[in-house]
Amino acid sequence: GEIFDRYIKTEKVLFTYKDLPLSFHPNAEPAAHAAYCAGEQEKYFQMHELMFEFGNFWTEEKDPFPVFKKFAKALKLQKSEFKKCFEEKRYTGVIEKGIEEAEKAGVTGTPGFLINEESVSGAQPFFAFQQIIERLLQNQAKPAETAETK
C-alpha cells in the first residue's frame, strides 16, 4: 500500500515483520511455525496471505497442519522439508522471542506496530502512520544541537 510505496520501497523506513501468536488462539502458534517454515523456501508472506484469506479452513481445526500442507502445495514448496521444519517446531525460539519483545514494547494485540519506540495499535489509516513517520524523519534530518560552554 501507500506506506510501502512511500517509505519502505524508497528505503526511508526499514520494515521488520514479527509474528505475535495470541495465547487465546490455539492455532496461532502452529500458523506462525508454518509461515516461518514456508519462509525457508522464500514464501513466508505468500503463506501468511493464504492463512488470512482462508482462515476459516484452519483456525478452528484440532490439527491445522493438513490445511497448511495444502497451502504449501499451492505455493509449490518442497513438501518433505516443509513438513520436517513444522514437526521439529524449528522456529520456537524465534516465536517466543517475538512474544517477549511485543510484551516489553506494550503490544498486546494484532495488528500492532512499533515505529521506533512508538506503539500504534489496531488497523489504522495511512495518515496515522504518516504523522509519526514524517515527524521521526524530520527529527532525524535536523542537525544535532549541542550545548556550547565557554
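I will try to describe carefully the structure that is included in this document. Nothing here was measured: the structure is a model prediction, and the numbers come from that model.

**Concerning the packing of aromatic side chains**
(1) Moving on: Tallying each qualifying case throughout the model produces 14 aromatic pairs.
(2) Moving on: Between Y7 and F126, the aromatic rings sit 6.4 Å apart at their centres with planes inclined by 25°, giving stacked as the arrangement. With a gap of 119 residues between them, Y7 in helix α1 (residues 2–8) and F126 in helix α7 (residues 126–141) connect regions that are remote in the sequence. When sorted by exposure, Y7 lands in the same class as F126, which is buried.
(3) Moving on: Taking the centre distance of 4.5 Å and the plane angle of 25° together, the rings of F65 and F86 count as stacked. Of the two residues, F65 sits in helix α4 (residues 65–74) while F86 sits in helix α5 (residues 79–88), which places them 21 residues apart along the sequence.
(4) Moving on: The buried category is assigned to F86, whose relative accessible area is 14%.
(5) Moving on: Among the aromatic side chains, those forming a connected cluster through ring pairs are F54, F57, W58, F65, F68, F71, F82 and F86.

**A short note on the pattern of salt bridges**
(1) Moving on: Under the definition given, this model contains eight salt bridges.
(2) Moving on: Notably, a salt bridge pairs E81 with R90, separated by 2.9 Å at the nearest N-O pair.
(3) Moving on: Take R90: its relative accessible area is 32%, and that puts it in the partly exposed class.
(4) Moving on: For K97, the salt bridge goes to E101, with nearest N and O atoms at 3.8 Å. Taken together, the positions of K97 and E101, both in helix α6 (residues 92–105) and four residues apart, correspond to about one turn of that helix.

**Here's the deal with the nonpolar core**
(1) Moving on: In terms of nonpolar packing, the biggest core is built from 24 residues, with M47, M51, W58, F68, F71, L77 and F82 touching the most fellow members.
(2) Moving on: Mapped onto this core, the elements with two or more residues apiece are α2 (28–39), α3 (44–53), α4 and α5.
(3) Moving on: In terms of residues, this core owes the most to one element, α2, which gives seven residues.
(4) Moving on: L77 has contacts with A38, Q41, K43, M47, A72 and F82, leaving out every residue within four places of it along the chain.
(5) Moving on: If you look at the next biggest cluster of nonpolar residues, it comprises eight residues, including F126, F129, I132 and I133.

**Let's talk about the pairing of strand β2 (residues 118–121)**
(1) Moving on: The sheet contact formed by strand β1 (residues 112–115) and β2 spans four bridges and is antiparallel. Following the sheet pairing, G112 is matched in β2 by S121.

**A word on the environment of N56**
(1) Moving on: Locating N56 in the fold gives a position in the loop between α3 and α4.
(2) Moving on: Accessibility expressed as a relative area gives 63% for N56, which makes it exposed.
(3) Moving on: Each C-alpha atom of the pair N56 and E87 lies 23 Å from the other, and the pair is 31 residues apart in sequence.

The rules behind the values
Residues numbered from 1 in each chain as written. Predicted model: local features only at pLDDT ≥ 70, side-chain atom pairs only at ≥ 80, totals over all residues. Heavy atoms only, no water. Phe/Tyr/Trp six-rings, centres within 6.5 Å; stacked < 30°, edge-to-face > 60°. Helix = DSSP H or I, 4+ residues; strand = E, 2+ residues; numbered from the N terminus. Buried < 20%, exposed > 50% of the residue type's maximum accessible area, 1.4 Å probe, protein only. Salt bridge = Lys/Arg side-chain N within 4 Å of Asp/Glu carboxyl O. Core = buried A, V, L, I, M, F, W, Y, C linked by side-chain atoms within 4.5 Å. Contact = heavy atoms within 4.5 Å. Pairing = 2+ DSSP bridges.

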